[in-house]
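Structural description and commentary
Residues per chain, in single letters:
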Amino acid sequence: MTPDQYCEDKAAKSGSSFYYSFRFLSPEKRIAITALYAFCREVDDVVDECTDEGVARTTLNWWRNEVDQMYAGSPQHPVTQSLLPAVKAYDLPRELFLEIIDGMEMDLNQARYNTFKDLHLYCYRVASVVGQLAASIFGYTDRKTLKYAHDLGIAFQLTNIIRDVGEDARRGRIYLPVDELQRFNVPAADILNYRETAEFKALMNFQIDRAEQYYEQAMKLLPEVDKKNQRTGLVMAAIYRATLAEVRLEGAQKVLNQRTSLTPIRKLWLAWKTWWFA
């Protein structure tokens, strides 16, 4: 298996909505964005799948060193080997890859966020940074496109948090800000015990509204001149926003006990429609 095949396999097995949007890219850009996605999956899996915190931290430090090796031109891992041509071709900043690792490490440092400002830093590191790297791969001429990518990344991560509240609770994590739980009279125990209350539904509808605001902000920030190059991000946005709409439609409180997802056929339809008509 070549490094590129390794990344392709990693992306395909994830079943992520992102994978559907990659299919429309040119081969060069598809290889680059797939390698970036595989990098994110690798470092995310370190935290999600490693039961020993010390081993997880050691592994993340290994990845930091591997990023240095990649920028020195001698990567060892298949993912960084596949990424290396993209790093050179699209001038991808080293510090952004390190920010992603720092974001993943935040999951080892804390399981709660007191305010949205605190959560925003996490979202920036694990999603906005990825969006900015992806925007560079897709291509842009107006630097406002990076601001669009920043806000779209926040929207994506907020969507993930909303969709995965129950799944995260089973790992002992609550990403919803503590002060907002208090404002809506939702004790953490209700989330950890999967109680579908009216108060929790109101809290989740508030979270959905904020995610939608970030999607709207992102769309307004995308310069017309870069819309064609950024169509892959718009495909992702269409799929994620449709997922968010489904969460609201099914009853936002139900995220505690079920995971909302779109069918592959619907994802493909949204991807095709958005690519050709965005």
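Analysis parameters
For every chain, the first residue of the written sequence is number 1, and numbering continues from 1 along that sequence. The predicted nature of this model means local features are confined to residues of pLDDT at least 70 and side-chain atom pairs, given and counted, to a pLDDT of 80 or more, with totals for whole chains, interfaces and linings taken over all residues. Excluded from the side-chain calculations are hydrogens and water; all other atoms, namely the structure's heavy atoms, are used. Numbering of helices and strands runs from the N terminus; a helix is a DSSP stretch of H or I covering at least four residues, while a strand is a stretch of E covering at least two. Whether two residues are in contact is decided by their heavy atoms: any pair within 4.5 Å suffices. Polar contact is the term for a pair of N or O atoms within 3.5 Å; when the atoms are in protein, one must be able to donate a hydrogen and the other to accept it, and sequence-neighboring residues count only if both atoms are side-chain atoms. Per residue, pLDDT captures the predictor's confidence, and it can take any value from 0 to 100. The span expected for a helix works out to 1.5 Å for each residue beyond the first. We call a residue buried when its accessible area falls under 20% of the maximum for its residue type, exposed when it is over 50%, and partly exposed in between, using a 1.4 Å probe and counting protein chains only. Taking the helix axis as origin, the arc is that swept by the directions to the C-beta atoms. The nonpolar core is taken to be a set of buried Ala, Val, Leu, Ile, Met, Phe, Trp, Tyr and Cys residues, with the residues joined through side-chain atoms within 4.5 Å. What counts as a domain boundary in this text is fixed by an automatic or database domain assignment.

1. Notes on the environment of Asp 226
Within the element layout of this structure, Asp 226 appears in the loop between helix H12 (198–221) and helix H13 (231–250). Through-space distance from the C-alpha of Asp 226 to that of Thr 145 is 7.2 Å; in sequence the pair is 81 residues apart. Sequence-distant contacts of Asp 226, that is, excluding residues within four places in its chain, are made with Tyr 140, Thr 141, Asp 142 and Thr 145. Engagement of the side chain of Asp 226 in a polar contact is seen with the backbone nitrogen of Thr 141, the distance being 2.8 Å.

2. A look at the confidence of the model for the protein chain
Confidence along the protein chain averages 94 in pLDDT terms, with 98% of residues attaining 70 or more. Summarising per-element confidence for the protein chain, the mean pLDDT is lowest in helix H2 (residues 17–22) (70) and highest in helix H10 (residues 178–183) (98).

3. Looking at helix H4 (residues 53–71)
In an α-helix there are 3.6 residues to a turn, and that puts residues three or four apart on one side. Taking 1.5 Å of rise per residue, the 19 residues of H4 would be expected to cover 27 Å, and the 27 Å separating its terminal C-alpha atoms lies within 8% of that figure. Listed in full, the buried residues belonging to H4 are Ala 56, Leu 60, Trp 63, Arg 64, Glu 66, Val 67 and Met 70. When H4 is viewed along its axis, its buried side chains cluster within an angular range of 160° and face the same direction. On its buried face, H4 is in contact with helix H3 (27–49), helix H5 (78–89) and helix H6 (94–109).

4. A closer look at the nonpolar core
If you look at the biggest cluster of nonpolar residues, it comprises 94 residues, and the most contacted ones within it are Leu 36, Phe 39, Phe 97, Leu 176, Ile 191 and Phe 200. Broken down by element, the residue count for this core peaks at 13 residues, all from helix H7 (residues 116–138). Residue-level mapping places this core at the junction of two domains, with at least three residues from each of domain 1 (1–92) and domain 2 (110–277). If near-sequence neighbours (up to four positions away) are discounted, Phe 39 is found in contact with Trp 63, Val 67, Val 79, Leu 83, Phe 97, Ile 100 and Ile 101.

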